[in-house]
Amino acid sequence: MRIGVVTFPGSLDDTDAARAVRYAGAEAVPLWHADRDLRGVDAVILPGGFSYGDYLRCGAIARFSPVMAELVPAAKAGLPVLGICNGFQILCEAHLLPGALTRNAGLRFITRDVRLTVANASTAWTSGYESGQQLLVPLKSGEGAYAADEVTLDELERTGRVVACYAGAAPNGAARGIAGICDEAGTVVGLMPHPEHAIDPLTGPSADGLGFFTSVVTAFAGARG
Amino acid sequence: MTGSSTIYALFALGGYVARVIVDVMLKPEIHDPQGEAVLSATRRLGFGGVTGVRQGKRFELELDGPADSAALAAIEELARELLANPVIEEFSLHPADLFAVSLSWGVAG
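Predicted, not measured: the structure shown is a model, and the values here were computed from it.

### Things to note about the overall build of chain B
Scanning chain B from N- to C-terminus turns up 4 helices and 3 strands. Order of helices (α) and strands (β) in chain B, N terminus to C terminus: α-β-α-β-α-β-α.

### Remarks on unusual backbone geometry
Residues and elements named next belong to chain A. For Arg39, which is not glycine, the phi dihedral falls at a positive 55°. Here Arg39 shows up in the loop between β2 (27–32) and β3 (43–46). Here the phi dihedral of Leu56 falls at roughly 70°; this positive angle occurs in a residue that is not glycine.

### Points about the interface of chain A and chain B
When the parts of a complex come together, some accessible area is lost, and that lost area is often used as the size of the interface. Taken together, the contacts link 14 residues of chain A with 9 residues of chain B. Taken together, the residues that form the side of chain A that touches chain B break down as 6 nonpolar, 5 polar and 3 charged.

### Quick notes on the environment of Glu36(B)
Of note, Glu36(B) is situated in helix α2 (residues 33–44). Separated by 18 residues in the primary sequence, Glu36(B) and Arg54(B) have C-alpha atoms spaced 7.5 Å apart.

### Side note on the pairing of β2(A)
All names here are of chain A. Pairing analysis gives 6 bridges linking strand β1 (residues 2–7) to β2, with the strands arranged parallel. Considered in β2, the bridge of Val6 is made with Leu31. Read from β1 through helix α1 (residues 14–23) to β2, the crossover connection turns out right-handed.

The rules behind the values
Residues numbered from 1 in each chain as written. Chains lettered and ligands numbered in written order. Predicted model: local features only at pLDDT ≥ 70, side-chain atom pairs only at ≥ 80, totals over all residues. Helix = DSSP H or I, 4+ residues; strand = E, 2+ residues; numbered from the N terminus. Contact = placed C-beta atoms within 7 Å. Nonpolar A, V, L, I, M, F, W, Y, C, P; charged D, E, K, R; others polar. Pairing = 2+ DSSP bridges. Right-handed = clockwise from strand over helix to strand, strands pointing away.

Pasting the structure below:
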């Protein structure tokens, strides 16, 4: 399986995302923001960082980059996409996911390991987990508070599109403790914390995050028979 | 900014330079921790009369033609697509005719 990792100007976590892809047994394919080309990959990761310096709003400029012109229709057609942190913000700005990420309550940039509860273990990126499973992964964001109107929040909860929640109180004030959501098909997932930093106890707080990457690889191998 | 818009106005040679202000604010129901931080600073400075602060953004768009209804419609579209995120923000447009102002700046300086 070939998984593309997009690098925007200001991306920080593309290297770790590519490493996580390799840990999961897939080939990491670098994708460049200015190329209108997905290089035939089977899935795409939008990594964390500060694309285009977070100018205007987080993810607002990245949304209009050439690679996104290819990615948006591909994602709507079923290409698995995982947006982590800034990648989640980009997915919301691109309207592939509903809602928005707003400034943390309390204004502080939060960098710490957090416990997540998997709420939906049937998405393309979480099928290797069990519903209710707890994960320890780093959170590092200044604008990570998920926000949406009440109707959207109700709809997300009712249809199982909340993928992960913060265990306990959301450290950033996220609505209903939401840490990650998915699209209707369950193939496009946005997650505020960083599973790619938690794939090996040597370099992270746990290996709990590896399941996001092995999930998509296993599903792909299964589909191929 | 003032200098460049002045030059632009003078070189427009009988043309018409218009500017449209786009104000973007978080929707009232969206928590604004930046505004709260500013509010607490106003209190520390002794400005006790200030009871609330909301922080927003202001964009100044310069046009190559008049701020007519077609231009305003295009800018409204731009604001909805780019300048504001309608999920969490609301915006308002304010046409500002710059011709006379820029000319007087040009004469003065």
